[in-house]
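Summary of the model geometry
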Amino acid sequence: MTATEISKLVGVTRATVSNWRKRHEDFPKPVGGTEFRPVFDWNAVQAWLADRGQDATEAPILSLQTLLRSSLSSADAQVLLAGLKPSGSGWVSSGFETTDAVSRVLKTLAQTAEVEGPRLALQALADHAHGGEQNVGLYRTPELVARLMAELLQPLGAGLVRVLDPACGGGSLLVAAAERGATELYGQDISETQAALARLVVQAETEIDADIATGDSLHDDAFSGLEVDAVLSSPPSLRDWSADRVHIDDPRWGYGTPGRMDSDLAWVQHALAHLRPGGLAVLLLPAPVASKASGRRIRSSLLRAGALRAVVNLPPRLPQLLWTRLNLQIWVLEKPDPKAAVPDSVLLVDTASAAGEAAQSGAGDAVDWPPVADTVRRVWSAFVEGRFAEAEEANVSTVVRVVDLLDEEVDLTPGPRVKLAIDPGIVAGEADTVLALLRARVAELDHASKAVGQVAPLSGPTWRTATISDLASGGAVRILRAQPSRSTASNGEDLRPAITGRDIATGSPASGQVKVEPGSPTVEVEVGDVLVPTVRAPRGQAFRIAGPEEVGIALGPNVQLVRTDPQRLDPWFVAGFIGGIDEAASLGTTAIHSALHRMRIPLLPLTQQQRYGEAFRAVHQLRAALAQAGEAVDRIAEVVTTGLVAGALEPTASSATNKDIRNPRGGSE
């Protein structure tokens with residue numbers, strides 16, 4: 001087994017296992033693998049751990065992976081997988097000699113399936129058959145996404161019986177279709193291993209004997225002539241799908257012959273060709289298929305025929321789909337029924353807002369999937385039932401007439417269309433709200449500016465000063481810094497929130513985390529602590545006075561803490577001089593961690609310190625008020641500009657006209 005698998009079994013970090021190897025000469029030597037991915041004998045590792053009181057947790061899937069690696073070659077695993085058949089609560093293999101090693105594998109496979117589920121157990125066998133490296137060339141549709149795609153077949157109701165996946169992979173979409181009521185399942189995959197896996201997974205999870213074929217669906221369709229109620233698929237997107245091998249008069253290309261770089265549109269037409277009239281296809285496709293210039297004619301034909309019903313943008317960098325660097329879309333298509341009217345509208349959905357702000361910024365690991373799925377189901381249901389007003393949700397979805405999409409580009413990307421489909425009432429209300437906030441921020445700025453102005457001239461300072469280092473020696477202040485962690489946390493329970501130097505500089509809440517280590521106490525923040533970043537940004541905040549919201553938070557990286565004796569020093573007084581521009585400049589450095597000890601603080605009575613402290617607080621509040629007012633200005637500018645561009649807002653009759661504008665740089669005179 002690998003070092004990573006050892007760490008999971010024992011419940012430690014990968015780095016801990018690496019340290020064991022370096023520090024303990026008797027740690028078992030690798031028995032295979034490579035220099036960067038060594039493989040160890042699990043029995044030897046277990047014995048070594050037992051000698052040191054370390055217990056390995058029960059993890060059937062890792063035991064299965066270890067057994068496969070030590071007992072079967074990848075070629076043998078392929079033969080075993082191809083010949084597997086259900087038998088009672090497990091499997092037997094036809095066409096493969098049942099040796100002791102094979103018997104152990106089959107027994108462990110059944111035990112793993114009992115605990116982890118048959119799909120995960122069979123996937124481990126398929127991974128080993130592919131060479132033991134997971135996710136290499138295997139693009140699996142995650143269960144959550146597969147379930148949503150199957151739920152979009154809702155309009156078919158009881159008419160959902162036959163389902164085809166022409167690029168079925170491990171069979172997850174066929175299982176999802178069975179959960180929606182389908183009873184006849186057909187699949188094809190170019191990989192023999194994946195086809196065998198799909199057959200076994202579907203049978204184990206649905207008790208349906210799916211008809212699974214091996215081969216390239218686009219060039220060697222195993223189900224030519226088959227009509228189904230639905231096609232569910234996440235086909236591979238190929239840079240060159242060898243279009244020259246397909247006859248130009250292939251009946252599948254009724255909407256246009258796809259070019260060699262347009263494999264996605266070939267899959268779309270392949271799916272439509274297998275549908276009965278009124279049948280639905282739901283495909284997971286890369287987002288560029290909606291806008292590539294080479295596919296413009298085919299997209300136009302799909303729209304004119306009423307074959308394309310919806311395009312759904314999935315959140316960027318969705319964690320479950322990180323096998324691809326492309327953003328993905330779900331396309332819903334319908335085989336035109338000659339007896340029915342041609343649909344004249346398309347539903348466009350952009351799920352970025354439903355996924356949350358973190359997802360919009362590209363932090364896919366923060367995507368909250370349930371709201372995304374709920375949103376898609378809700379607007380799709382309203383759309384297919386003709387409730388277009390309900391299908392349109394601000395900043396999420398819009399119903400667009402086909403004629404409005406048939407321009408020179410035929411761009412079906414949902415984002416721009418959704419942003420233009422803004423409810424005027426909602427935008428006007430948002431503009432009023434943000435404008436009220438801006439006025440409040442301006443009032444705060446005015447109040448803060450008056451407070452800052454309450455100062456009088458001083459002929460020249462006559463006070464004595466002392467360095468912070470001297471004050472620390474006398475016990476008037478303490479300077480604390482977090483100690484760097486000696487190891488990496490193994491799980492979330494070993495971490496606690498911490499404030500970082502970046503948080504202070506940007507005025508943000510605590511965003512860091514530090515590891516809790518026995519025998520190494522964590523520095524906790526208290527009210528009144530002066531928090532100083534170790535490196536001062538040119539325009540960042542120079543300090544923060546800890547308030548109740550920071551109490552108990554750990555001190556994180558790139559920040560140090562100055563804790564004053566409240567009977568001798570006022571924290572705002574000390575912070576003001578620490579953050580003074582001239583004081584920092586005179587030290588000739590922006591590296592505060594080295595300059596802090598040398599900064600000089602006046603020696604004044606506490607009452608006089610407090611007057612200075614209030615003045616420094618007023619300056620700090622002025623800067624904060626300006627930053628908040630700036631954020632409000634940016635927000636009102638965004639709302640009003642978007643509303644004007646989208647046609648949701650218009651200038652009132654009292655708005656200034658061009659003849660009132662005196663600044664020639666502003667445009668027309």
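Here, the structure is the one placed above.
Because the structure is a prediction, the values reported are computed rather than measured.

Criteria and thresholds
- Residues numbered from 1 in each chain as written.
- Predicted model: local features only at pLDDT ≥ 70, side-chain atom pairs only at ≥ 80, totals over all residues.
- Heavy atoms only, no water.
- Axes fitted to C-alpha atoms, helices over the stretch in contact; angles between N-to-C directions.
- Helix = DSSP H or I, 4+ residues; strand = E, 2+ residues; numbered from the N terminus.
- Parallel < 35°, antiparallel > 145°, perpendicular 65-115°, else oblique.
- Contact = heavy atoms within 4.5 Å.
- Nonpolar A, V, L, I, M, F, W, Y, C, P; charged D, E, K, R; others polar.
- Expected span 1.5 Å × (residues − 1).
- Buried < 20%, exposed > 50% of the residue type's maximum accessible area, 1.4 Å probe, protein only.
- Pairing = 2+ DSSP bridges.

Some thoughts on the packing of helix H7 (residues 118–129) against helix H10 (residues 192–206)
- Taken N-terminus to C-terminus, the directions of H7 and H10 make an angle of 170°; their axes are 10 Å apart at the nearest point. If you check the angle between H7 and H10, you find them roughly antiparallel. Residue-level contacts link Pro 118, Arg 119, Leu 122, Gln 123, Ala 126 and Ala 129 of H7 to Thr 193, Leu 197, Leu 200, Val 201, Ala 204 and Glu 205 of H10.
- Residues of the contact of H7 with H10, tallied by class, amount to 8 nonpolar, 2 polar and 2 charged.

Things to note about helix H6 (residues 100–116)
- In this model H6 runs 24 Å from its N-terminal to its C-terminal C-alpha over 17 residues, within 8% of the 24 Å that 1.5 Å per residue would give.
- Along H6, the residues that are buried comprise Ala 101, Val 102, Val 105, Leu 106, Thr 108, Leu 109, Ala 110, Thr 112 and Ala 113.
- In this fold, the buried residues of H6 make contact with helix H4 (60–71), helix H5 (74–82), strand S3 (84–87), strand S4 (90–93) and H7.
- Of the residues flanking the end of H6, it is Gly 117, one or two places downstream, whose phi is positive at about 100°.

What to know about the sheet that holds strand S18 (residues 530–533)
- Spatial ordering of the open sheet is given by S15-S21-S18-S19, a layout of 4 strands whose pairing is antiparallel. The strands lining the two open edges of the sheet, one partner per strand, are strand S15 (477–481) and strand S19 (544–545).
- Relative to strand S21 (residues 559–564), S15 runs antiparallel, the two sharing 5 bridges. Note on S21: the bridge partner recorded for Arg 481 is Gln 560.

Let's talk about the pairing of S21
- Burial within S21 is extensive, with 6 of its 6 residues counted as buried.
- Residues Val 559, Leu 561 and Arg 563 point to one face of S21 and Gln 560, Val 562 and Thr 564 to the other, with burial holding for every one of them.
- By the bridge criterion, 4 bridges tie S18 to S21 in an arrangement that is antiparallel. Looking at the pairing, Pro 533 lines up with Val 559 of S21.

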